[in-house]
Every structure is written in C-alpha cells, then in structure tokens.
Amino acid sequence: MIKTKWEYCRANDFNELHALGRQGWELVGVTGAGSAEPEADRGATFYLKRPVLSIREQITSEQRDRALAERQGTE
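Because the structure is a prediction, the values reported are computed rather than measured.

A. Inspection of the nonpolar core at higher detail. Of all hydrophobic cores here, the largest spans 8 residues; its members are Cys9, Ala11, Leu17, Leu20, Trp25, Ala44, Phe46 and Leu48. If we skip the residues at most four places from it in the chain, Leu48 touches Glu7, Tyr8, Cys9, Ala11, Leu17, Leu20, Trp25, Glu26, Leu27 and Val28.

B. Molecular detail of the pattern of salt bridges. Counted by the stated rule, this structure contains 2 salt bridges. The salt bridge involving Asp65 is made with Arg64; its shortest N-O contact spans 3.0 Å. Accessibility expressed as a relative area gives 40% for Asp65, which makes it partly exposed.

C. Local environment of the side chain of Lys49. Positionally, Lys49 belongs in strand E3 (residues 45–51). Despite its burial, Lys49 pairs with no opposite charge, the nearest such side chain being Glu26 at 4.9 Å. Setting aside residues no more than four positions away along its own chain, Lys49 makes contact with Trp6, Glu7, Tyr8, Gly24, Trp25, Glu26 and Val28.

Conventions adopted
- Residues numbered from 1 in each chain as written.
- Predicted model: local features only at pLDDT ≥ 70, side-chain atom pairs only at ≥ 80, totals over all residues.
- Heavy atoms only, no water.
- Core = buried A, V, L, I, M, F, W, Y, C linked by side-chain atoms within 4.5 Å.
- Buried < 20%, exposed > 50% of the residue type's maximum accessible area, 1.4 Å probe, protein only.
- Contact = heavy atoms within 4.5 Å.
- Salt bridge = Lys/Arg side-chain N within 4 Å of Asp/Glu carboxyl O.
- Helix = DSSP H or I, 4+ residues; strand = E, 2+ residues; numbered from the N terminus.
- Lys, Arg positive; Asp, Glu negative; His and termini not counted.

Have a look at this one:
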C-alpha cells in the first residue's frame, strides 16, 4: 500500500481560500478566528493540505496549464 504524502500551506486571508480550494487545497484547521464572518478574520490563520502529485501527475498538470495559457493567449 502506498502512503499518501502531503504538502501544507498557510493563509491569513479568508478571501484566498476559494482560490486555494480550486487548486486542490483542503482546509484542515483555523486558529485565532474570533468570528464566522469573513470581515472578522483579522488575525486568523488558515491551515491547508493537499496530496503531493506524483512526477507523472506533475508533468501532466504543468502541460495542461501551459496548453490552457497558450490557448487563452491566441483567442
């Protein structure tokens, strides 16, 4: 059985979370949050994780991103 390897990220801005989620990051913890309101996240730290991609997945992901960027540049 292959054990999953993780990479970790820390964010201090609630508004970053949506973009990080689209990139595959999963919120696993929050510290210093005094309220559930986005405007009140001052001082909050958000901890995220996502699986580390294999070399094959990394190359495929990079190729896809490059192809999409090229397509957007030509249209």
